[in-house]
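In case you want the letters, here they are:
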Amino acid sequence: MAEKFDKYVLKNQMVLLGEPMEAVESVAFGFMLPAGAAHLPEGCCGASSVIADWIFRGAGDKDSRQLSDALDGLGLLRGHSVGSSHMAIGAALEAGNLTEALDLHADIILRPSLKEDQFELARQLAIDDVLSLDDDPRHKVMLKLREQFYPSPLGRSALGEILELKALTVATSERIMRDNFNLSQTIFTVAGKYDFDAVCRQMEGLFEGEQQQGGQSIRLTPSAGQYTHIENDGAQVHIGLMTETVKPTDEDYYNARVAVSVLSGGMSARLFTEVREKRGLCYAIGARYHGLKEAAGIMCYAGTTPDKAQETFDCVVEEFNRLGDGISEEEIARAKVGLKSSLILQSESSSSRSGAIGSDHYILGRVRGLDEIKDRIDQTTVDSVLAFLRNNKFKDFTIVTIGPKRVTVK
Amino acid sequence: MEFKNEKLSNGLVLIGEVNKSAKSAAVGFFVKTGSRDEVAAINGVSHYLEHMLFKGTEKLSALEVNEAFDRTGAQFNAFTSEENTVFYAAILPEYLVEVTQLWADLMRPSLRDEDFNIEKNVIKEEIAMYQDLPSFDVMDRCRTLHFHGHPCGNSVLGSAESIDGLTAEQMRDYFAKRYAPNNMVLACAGNFGWDQIRSLAADSCSKWPRQVVERKLGHFDGSKKKDRIEKANLAREHICLMSEGVSAQDPSRFAASLLGTIVGDDVGSRFFWELVDKALAEAASMSYGAMDGTGTFYSYIRCSNENVRKVLGIVRRVFDDIEKNGVTEDELAAAKNKILSTLVIKNELPMGRLIDLGFNWTYLEQYRTIEDDVAAIKGVTVGDVNTLIEQLSPGDFTQFSIGPALSS
């Protein structure tokens, strides 16, 4: 698979990355602004979600309605999300409309109207989203889990906290935007069908400027605790469990990914087989690798009715603990082919690639080619994965449950 | 793109769209069966049976099935709706034949008692999981209320009671009647060799016996009843509205889909500007659901308890306005752009293409290229959408809500 990545850095240090894809007529692009939940000042949890809504409520010479109509007129499939490190704003669309879409996004990022009445609406919606979380315990348990697991503020919920959202003001939000919409630390990505020279010229015209200072490092404080239970009179106990593992930059990263895949890669993996297939304890059960630049973990979810909660929990912990005792050649082979296959399947989607090259650049400082990732996965062996597990024993589990019953943690 | 099709003598239809420039391939068995084909005593059997197909054949145990799939790195799964059960896999081209063979083998499952008994627990856990998802629960209950006695109102999952009462024998009987070759389509999309799939199907599927398969069709315009239940642990009001729509076979289905987008797309729709933009509801969407011989429009709205009355008043005004004044050229143009983008981007992946390919054959016995669908969407006029509104009165809906105990 011949691969080519495009890269250009504006004078203000904003990085433009591209991955051309031959077989598609679409293009996807994204702006990764350093305004993720962990980069917010204390007491402003959720501000990024409010801002991500507010900036779309009118920009440049367009009011909210005109801006929305212009975006819809281009057939943009819009998406914005707030993660630990970044606020990501982007879209997928038919390739011919890219130029106009970028012009509109320059207005949204650089010249949002920021009307006060629109701020109140954006804030109210953010508050309502937090309240709605109580009606989605499966989602809530995973957000709480990250919050409890990661050293603060890395695991902060992007949705925010009610009290802090209520206290958030226009002035504070504007200050956050001044500090965090820092173009010198912004990564722009594009994947699919595009002309990189034309994109660079356009982006220079739209975003070039003086280099901006800032971007102080985050001060981390230890994570909150081991077990949190939230009482809820629902049908199931939703169990979230997370334990530390190596970061994406670590030499052992691919051993960790293969180990997690043995545990929960496909339907023949350990957790699905032991918890669901053999014992019928759960419908939803699975674990995955979750990596930030500063820390990483393996996160696991299981949902089960109250009477089975303890057995499910014990069974899951047992599977984590016995992983290092032995893994067969067959299991490793399946884990490896699963990881490689999902990599290639995702590589057909312009949106997936646009996200992946940005994340690689931020975490690793460079974009990995598919061949490199495949080679590194291929190099893992039963011995290398077991050695990794021996040297990185699952010690502490952070646990969150939501439901009518607690579990006992031994 | 090259379209291929063939029908085996027992009625099994094979279809494929070959795209040699794709990096992957996708394969699926589309079985024309779902909860609407069940009677009350076996409600939930279609979905339960979907799970049981993964439990193996005379020659393969459940674990061996999962291992065989995972050895190929397939992204595989299945889903069951009111009227379809679909088994699919997205896969690298070199494994397509192996995975298709596996699916073909699994279409003749052993349905062992011991597997049936263990899986019953999993099904009941799935039912419990959805009970904790009011956004799903409210749609399911509203569908039942809307179709009031019509089989399209049967729950896909069934209830804990109906699942408890179900026997393996009843399932085997249902299987024999519904998983007949003349009630299934084998579809492939992406980068694959048609001749290999053809000979595989001829070798593995030709002996499956043809059956007389029936489905009760018949359009239903909905009960228009209103109901609400309370759950003490809920924080928000979840509201589902359902009204009459056109069928999957109706040429005006494209206009229906555009109407859904105009009224209730996530952004830029009438619901969005009146409810979400103004922060009266945090979610408000409407979609068109095409079905065999009938159809629905369904809306989901989530808001605070205090805003319910106001929100429903606005919903009433939105429908009144659209019924009185129709839609505008501008909003139709925007809706077209959004639907066309979604269609084109989804179909760039063989897995996305497979679903459209399979359903077009299931409902229409027709091959439609992406260009056919693009042209059909582009061809819809304001007059078409307004005629549909007049014909269907989307404001005349069934309503179901789930929310916390009312404070007043």
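Criteria and thresholds
Residues numbered from 1 in each chain as written. Chains lettered and ligands numbered in written order. Predicted model: local features only at pLDDT ≥ 70, side-chain atom pairs only at ≥ 80, totals over all residues. Heavy atoms only, no water. Pairing = 2+ DSSP bridges. Helix = DSSP H or I, 4+ residues; strand = E, 2+ residues; numbered from the N terminus. Axes fitted to C-alpha atoms, helices over the stretch in contact; angles between N-to-C directions. Contact = heavy atoms within 4.5 Å. Core = buried A, V, L, I, M, F, W, Y, C linked by side-chain atoms within 4.5 Å. Buried < 20%, exposed > 50% of the residue type's maximum accessible area, 1.4 Å probe, protein only. Patch = residues over 30% accessible without salt bridge, like charges linked within 9 Å, V, L, I, M, F, W, Y side chains within 5 Å. Areas by Shrake-Rupley, 256 points an atom, 1.4 Å probe, with all protein chains shown as cover. Salt bridge = Lys/Arg side-chain N within 4 Å of Asp/Glu carboxyl O. Lys, Arg positive; Asp, Glu negative; His and termini not counted. Charge placed at Lys NZ, Arg CZ, Asp CG, Glu CD. pLDDT = per-residue confidence, 0-100. Polar contact = N/O pair within 3.5 Å; in protein donor to acceptor, adjacent residues only side chain to side chain. Buried area = accessible area lost by both parts, 1.4 Å probe. Parallel < 35°, antiparallel > 145°, perpendicular 65-115°, else oblique. Nonpolar A, V, L, I, M, F, W, Y, C, P; charged D, E, K, R; others polar. Domains from an automatic or database assignment. Phe/Tyr/Trp six-rings, centres within 6.5 Å; stacked < 30°, edge-to-face > 60°.

A closer look at the sheet that holds strand β6 (residues 187-192) of chain A
Residues and elements named next belong to chain A.
And step 1. Pairing within the open sheet is mixed, and its 6 strands lie in the order β1-β2-β6-β3-β5-β4. With partners counted over all chains shown, the strands left at the sheet margins are β1 (6-9) and β4 (77-82), one partner each. Adjacent strand axes in the sheet meet at a mean angle of 15°, parallel and antiparallel pairs treated alike.
And step 2. As defined by bridge partners, β4 adjoins strand β5 (residues 87-94) across 6 bridges and the pair is classed as antiparallel. Counted as the bridge partner of arginine 78 is alanine 91 from β5.
And step 3. Packed onto the sheet, helix α3 (residues 98-110) meets β3 (26-33), β5 and β6 and runs at close to 15° relative to β3.

Details of the nonpolar core
And step 1. Of all hydrophobic cores here, the largest spans 102 residues; its most connected members are A:Phe320 and B:Trp103.
And step 2. The dominant element in this core, judged by the number of residues it contributes, is helix α9 (residues 253-264) of chain A, at 8 residues.
And step 3. Among the nonpolar cores identified, the runner-up in size contains 58 residues, and A:Leu71, A:Ala95, A:Ala101 and A:Leu168 belong to it.

Considering a negative patch on the surface
And step 1. The grouping of A:Asp63, A:Asp69, B:Glu329 and B:Asp330 at the surface amounts to a negative patch.
And step 2. Inspection of the secondary structure puts B:Asp330 in helix α12 (residues 329-347).

With respect to the confidence of the model for chain B
And step 1. On average, residues of chain B score 96 in pLDDT, and 100% of them reach the 70 mark or higher.
And step 2. This complex was scored by the predictor with a pTM of 0.96 and an ipTM of 0.94.

Considering the pattern of salt bridges
Residues and elements named next belong to chain B.
And step 1. In this structure the tally under the stated criterion is 61 salt bridges over all chains.
And step 2. In this structure, glutamate 331 and arginine 270 form a salt bridge, with 2.5 Å as the shortest nitrogen-oxygen distance. Taken together, the positions of glutamate 331 in helix α12 and arginine 270 in helix α10 (residues 270-276) put the pair 61 residues apart, joining distant regions of the chain. When sorted by exposure, glutamate 331 lands in the same class as arginine 270, which is buried.

Focus on the side chain of A:His290
All names here are of chain A.
And step 1. In this fold, histidine 290 is placed in strand β9 (residues 285-291).
And step 2. Under the relative-accessibility criterion, histidine 290 is labelled buried at 10%.
And step 3. Side chain to side chain, histidine 290 and tyrosine 150 meet in a polar contact 2.7 Å long.
And step 4. Among residues more than four places away in sequence, those in contact with histidine 290 are Arg146, Tyr150, Met242, Ala296, Gly297 and Met299.

Quick notes on the sheet that holds strand β2 (residues 13-18) of chain B
All names here are of chain B.
And step 1. Spatially, the 6 strands line up as an open sheet ordered β1-β2-β6-β3-β5-β4, and their pairing is mixed. At either margin of the open sheet sits one strand with a lone partner, and together these are β1 (2-7) and β4 (75-80). Averaged over all pairs of adjacent strands, the angle between their axes in this sheet comes to 10°, without regard to strand direction.
And step 2. As paired elements, β1 and β2 share 6 bridges and run antiparallel to each other.

Side note on the interface of chain B and chain A
And step 1. In this assembly, 57 residues from chain B lie in contact with 64 residues from chain A.
And step 2. Of the roughly 5000 Å² buried between chain B and chain A on both sides combined, carbon and sulfur atoms contribute 56%.
And step 3. Area buried by chain B at its contact with chain A is led by B:Glu125, B:Asp132 and B:Trp273, which between them contribute 13% of it.
And step 4. The interface formed by chain B and chain A includes 8 salt bridges.
And step 5. With its nearest N and O atoms 3.4 Å apart, the salt bridge here joins B:Arg71 to A:Glu330.

Here's the deal with the pairing of strand β5 (residues 85-91) of chain B
Residue and element names in this part refer to chain B.
And step 1. With respect to burial, β5 is a largely interior element, 7 of its 7 residues being buried.
And step 2. Of the two faces of β5, the one holding Thr85, Phe87, Ala89 and Ile91 and the one holding Val86, Tyr88 and Ala90 are both buried throughout.
And step 3. Two elements, β4 and β5, share 6 bridges in a ladder whose sense is antiparallel. In the sheet register, alanine 78 faces β5, and the bridge partner there is phenylalanine 87.
And step 4. Linking β4 to β5, which pair antiparallel, is a turn of 4 residues.

Structural notes on the packing of α12(B) against helix α14 (residues 370-378) of chain B
All names here are of chain B.
And step 1. Two elements in contact, α12 and α14, have axes separated by 10 Å at closest approach and are oriented at 175°. The angle between the axes of α12 and α14 places the two elements in the roughly antiparallel class. Packed against α12, whose contacting residues are Lys336, Ile339, Leu340, Leu343, Val344 and Asn347, the element α14 presents Ile370, Asp373, Val374, Ile377 and Lys378 at the interface.
And step 2. Of the residues that constitute the contact of α12 with α14, the class distribution is 7 nonpolar, 1 polar and 3 charged.

Observations concerning the domain arrangement of chain A
Residues and elements named next belong to chain A.
And step 1. Taken domain by domain, chain A consists of domain 1 (6-207) and domain 2 (227-403).
And step 2. Centre-to-centre separation of domain 1 and domain 2, based on C-alpha positions: 28 Å.
And step 3. Domain 1 puts 35 residues into the contact, and the matching count from domain 2 is 40 residues.
And step 4. Taking both sides of the interface into account, the surface hidden between domain 1 and domain 2 amounts to around 2800 Å²; carbon and sulfur atoms contribute 74%.
And step 5. Here domain 1 is connected to domain 2 by 1 salt bridge.

Overview of the packing of aromatic side chains
And step 1. Considering all chains together, one arrives at 33 aromatic pairs over all chains under this definition.
And step 2. Judged by centre distance (5.3 Å) and plane angle (45°), the rings of A:Phe31 and A:Phe207 are tilted. Placement of A:Phe31 in strand β3 and of A:Phe207 in helix α8 (residues 196-207) is noted, with a sequence separation of 176 residues between them. For the residue pair A:Phe31 and A:Phe207, the accessibility class agrees, reading buried in each case.
And step 3. Relative to B:Trp361, the ring of B:Phe3 has its centre 6.1 Å away and its plane inclined at 25°; by these criteria the two rings are stacked.

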